[in-house]
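# An overview of the molecular structure
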Amino acid sequence: MSQSVSERTRIKSDRYESGVIPYAKMGYWDAAYCVKQTDLLALFRITPQHGVDPVEATAAVAGESSTATWTVVWTDLLTACDVYRAKAYRVDPVPSTPGQYFGYVAYEIDLFEEGSLANMTASIIGNVFGFKALKALRLEDMRIPFAYLKTFQGPATGVVVERERMDKFGRPLLGATVKPKLGLSGKNYGRVVFEGLKGGLDFLKDDENINSQAFMRWRERFLYCQEGIQRASAATGEVKGSYLNVTAGTMENVYERAEYAKELGSIIIMIDLVMGYTAIQSIALWARNNDMILHLHRAGNSTYARQKNHGINFRVICKWMRMAGVDHIHAGTVVGKLEGDPLMVKGFYNTLLDVKTFANLPQGIFFAQDWASLRKCMPVASGGIHCGQMHQLLNYLGDDVVLQFGGGTIGHPDGIQAGATANRVALESMVLARNEGRDYLTEGPEILQTAAKLCGPLQTALDLWKGISFNYASTDTSDFSDTATANV
Amino acid sequence: MRLTQGAFSFLPDLTDEQINKQVQYCIEKGWAVNIEWTDDPHPRNTYWDLWGLPLFDIKDPAAVMFELAECRKANPTGYIKMQAFDASIGTESCVHSFIVQRPAFEPGFMLQRMEHEGRFIRYTIVSYATQAAAAGQRY
């Protein structure tokens, strides 16, 4: 026994001897893995660096998003490490896209703290996205197991209760964002809210970057908006609201603004996605406790959701936000000015509204998903849409959606009320025609023209915005769709 | 003013033929249809009076149209609306609602403002009709 103690006790196992061994060999790849009902599943679009084997790349993703580090650590042997290692179990080449692979990874549920989006995402989209062996990485879809979903509140209000509170059924809701988004004084801002609601909208909305700036501090906005809301409600006999943006620099300020909105009698508040997952979960709990509808503006989302090879697909954000507890989320318009392939958008809407989601590759949904009775989250269609597209909007987006016409309301030549009325008449006439069994998608323009004979503001709007469309190819498209999906 | 609750209040009042088509749509969806009436159309008046029970498992719009006619006879001047109910999992709620009769004159609502300290205001909406007369004599 001439060896030193450190030599005598050095670990001799091939697996745990110090050094760098491939992730696949470390136990992060198991092609025969049998997925458990309680596993979280993630599908990544992986673009390995030149010369990196796709299986090894996927195993590395599994490793870096769960227990691994770059080298072997003997302290693994103090844990039930086989359980905690994420398992890459399947790799498929992306159809018609050389160099990219769909890698499937299963995660043990005990890797994640109950009810914490921050904890779950710190693993799934943590260090792994900067991993040098990959050129690019995109989280395409997730299957959140029933058991884990049950630890989340889900939407504070949900579509069904929102409709019951507002007494609005059988048609999409209508909204508009106050424009210009910055610079109006409180009094002028409230005027826009009043005019839009009196003209026939259900909601008006603060924009994402209106918080409490020098030109209009938040109390001014809240007080004048509420005056406009109540006046419009009395003038029409309808329940109405305006999303009061309570986003602020600190959670203390967020709560202060939310409380004030509640005391004034507002039925809805709004937050921005950039406030962060923990803040969103907190205000969602507050919203549930205070009978408040919670609108989320997806500010910041396109920085990571739009490009196809890297980032997070928006359908994953939809899942996370439904778990986090928001009631509204902007989810695309198909025909408007912002990104949105029709099939992809349908997938987002289904993710927000389904009781059970089924796998649907053309819609980009890779996993079946039972939503565990989490309430439905209302999709919001906003950005460059107008009443002349009503038949397409109803066809693509269905009934459970807030259609938001910002420029399409406030830009009306005869004023905001006229713009709002044009939108409401267009919507009601299209829903009526659909329910009567007409081929409203084909006959849409004719249905609108007929309705416009009795509604001057609609005629003006149809003439003004005739032929306006944003017909650009989408960047985020399905890899499995056989059909052309260009915007109509 | 014109009360604009319901899905079609911005359109001309529906004819019976149009109402019949909406009922047909509800039947095809498998929804129950109920008729409700009121003389208190406050935006927060959730519970209008039910005209009988909701009609479940209906096959023919005629059954609903008959009850609508009866309800109109009993309430010739007030508000009547038709609603549809979907009992499927995840919804279990009202899914369609539209006004099928309204008074010739709709006096509307008054907005009351109770001023508090600072610029804080508490709002209450009051119906002129319910203030002016007792139930049954308003329209």
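All figures in this text were calculated on a predicted structure; none of them were measured in a lab.

## Re the overall build of chain A
When helices and strands are counted, chain A shows 19 helices and 15 strands. The globule rule puts the C-alpha radius of gyration for 488 residues at 23 Å, and the 25 Å found for chain A is close to it. If you line up chain A on its principal axes, its C-alpha atoms span 100 × 50 × 35 Å. Look at the contacts in chain A between residues 6 or more apart in sequence, and 75% of them connect residues 24 or more apart.

## Things to note about the overall build of chain B
Counting its secondary structure elements, chain B contains 3 helices and 6 strands. Along chain B, helices and strands appear, N-terminal first, in the series α-β-β-α-β-β-β-β-α. Judged by the C-alpha coordinates and their principal axes, chain B covers about 60 × 35 × 25 Å. For chain B, the residues scored as buried account for 31% of the 139 residues in total. Long-range pairs, those at least 24 residues apart, make up 52% of the contacts in chain B with a sequence separation of at least 6.

## Details of the sheet that holds strand β3 (residues 101–107) of chain A
All names here are of chain A. Taken together, 5 strands build an open sheet; the order of strands is β2-β3-β1-β4-β10 and the sheet is mixed. Here the strands that pair on one side only, and so sit at the sheet edges, are β2 (87–93) and β10 (311–312). Across the sheet, helix α3 (residues 54–64) touches β1 (40–48), β2, β3 and β4 (134–143), and the angle it forms with β2 is around 140°.

## A closer look at the nonpolar core
All names here are of chain A. With 172 residues, the main nonpolar core has L294 and L458 as its most contacted residues. Per element, the largest residue contribution to this core is 11 residues, and it comes from helix α17 (residues 416–435). The residues touching L458, leaving out its near neighbours within four places in the chain, are C387, A422, V425, A426, L448, A451 and A452.

## Some details on the interface of chain A and chain B
Chain A puts 31 residues into the contact, and the matching count from chain B is 29 residues. Counting residues per element, the ones that place at least two in the side of chain A that touches chain B are α7 (158–166), α9 (218–236) and α17 of chain A. Considered class by class, the residues forming the side of chain A that touches chain B number 11 nonpolar, 10 polar and 10 charged.

## Some thoughts on the pairing of β3(A)
Residue and element names in this part refer to chain A. Taking burial as the measure, the 7 residues of β3 include 6 buried ones, the bulk of the element. Pairing geometry for β1 and β3, over 7 bridges, is antiparallel. Note on β3: the bridge partner recorded for L41 is A106. Two strands pair when backbone bridges link them, and β2 and β3 are joined in this way by 6 bridges, in the antiparallel orientation. What sits directly across from V91, in β3, is G103.

## Considering the confidence of the model for chain B
Detailed reading of predicted coordinates is not advised where the pLDDT is low. For chain B, per-residue confidence averages 95 on the pLDDT scale, and residues scoring 70 or more make up 100% of the total. Across the assembled chains, the prediction reports ipTM 0.97 with pTM 0.95.

## Topic: the sheet that holds strand β6 (residues 203–205) of chain A
Read around the closed barrel, the 8 strands follow the order β5-β6-β7-β8-β9-β11-β14-β15 (chain A); overall the barrel is parallel. Put simply, the sheet's adjacent strands are angled 25° from each other on average, direction ignored.

## Topic: the environment of A:S18
Residues and elements named next belong to chain A. Position of S18 among the secondary structure elements: in the loop between α1 (5–8) and α2 (23–28). The class of S18 is exposed, set by 11 C-beta atoms lying within 10 Å. C-alpha separation for the pair S18 and V73, spaced 55 residues apart in sequence, amounts to 6.8 Å. Once residues lying within four places of it in the same chain are set aside, the contact partners of S18 are T71 and V72.

## Details of α9(A)
Given a rise of 1.5 Å per residue, 19 residues ought to cover 27 Å, and the 27 Å separating the end C-alpha atoms of α9(A) matches this to within 8%. Once α9(A) finishes, A:G237 follows within two positions and takes phi at roughly 75°, a positive value.

## Looking at unusual backbone geometry
Residues and elements named next belong to chain A. Cis geometry marks the peptide bond from K179 to P180, where omega comes out at -5°. Summarising the element assignment, P180 is placed in the loop between β5 (173–177) and α8 (186–199). In this structure, D167 takes a positive phi of about 55° despite not being glycine. With respect to the element layout, D167 can be found in the loop between α7 and β5. For D167, a count of 17 C-beta atoms within 10 Å gives the class partly exposed. Positive phi values are uncommon outside glycine, yet A372 reaches one of about 55°. Position of A372 among the secondary structure elements: in the loop between β13 (369–370) and β14 (378–382).

## Quick look at the confidence of the model for chain A
For chain A, mean pLDDT is 93; residues scoring 70 or higher make up 97% of the total. Contacts from residues 483–488 of chain A, a stretch scored under 50 in pLDDT, to residues over four places away or in other chains number 12 contacts.

## Quick word on the pairing of strand β7 (residues 241–245) of chain A
All names here are of chain A. Counted residue by residue, β7 has 5 buried out of 5 residues, so it is predominantly covered. With burial as the criterion, each face of β7 is covered, one bearing G241, Y243 and N245 and the other bearing S242 and L244. Pairing geometry for β6 and β7, over 3 bridges, is parallel. Bridge assignment links K205 to a residue of β7, and that residue is Y243. In this view, the connection linking β6 to its parallel neighbour β7 by way of α9 has right-handed handedness. One ladder, built from 2 bridges, connects β7 with strand β8 (residues 268–272); its direction is parallel. Following the sheet pairing, L244 is matched in β8 by I269. For the handedness criterion, the β-α-β arrangement of β7, helix α10 (residues 251–264) and β8 is classed as right-handed.

## Digging into the packing of α10(A) against helix α11 (residues 277–289) of chain A
All names here are of chain A. Where α10 contacts α11, the two axes come as close as 11 Å, and the packing angle between them is 25°. Relative to α11, the element α10 is oriented roughly parallel. The hand of the α10/α11 crossing is right-handed. Here M251, V254, Y255 and A258 of α10 lie close against α11, whose contacting residues are A279, S282, I283 and W286.

Scoring rules and cut-offs
Residues numbered from 1 in each chain as written. Chains lettered and ligands numbered in written order. Predicted model: local features only at pLDDT ≥ 70, side-chain atom pairs only at ≥ 80, totals over all residues. Helix = DSSP H or I, 4+ residues; strand = E, 2+ residues; numbered from the N terminus. Rg over C-alpha atoms; globule rule 2.2 N^0.38 Å. Contact = placed C-beta atoms within 7 Å. Buried ≥ 20, exposed ≤ 12 C-beta atoms within 10 Å, placed from the backbone. Pairing = 2+ DSSP bridges. Axes fitted to C-alpha atoms, helices over the stretch in contact; angles between N-to-C directions. Core = buried A, V, L, I, M, F, W, Y, C linked by C-beta atoms within 7 Å. Nonpolar A, V, L, I, M, F, W, Y, C, P; charged D, E, K, R; others polar. pLDDT = per-residue confidence, 0-100. Expected span 1.5 Å × (residues − 1). Right-handed = clockwise from strand over helix to strand, strands pointing away. Parallel < 35°, antiparallel > 145°, perpendicular 65-115°, else oblique. Left-handed = near helix turned anticlockwise from the far one by under 90°.

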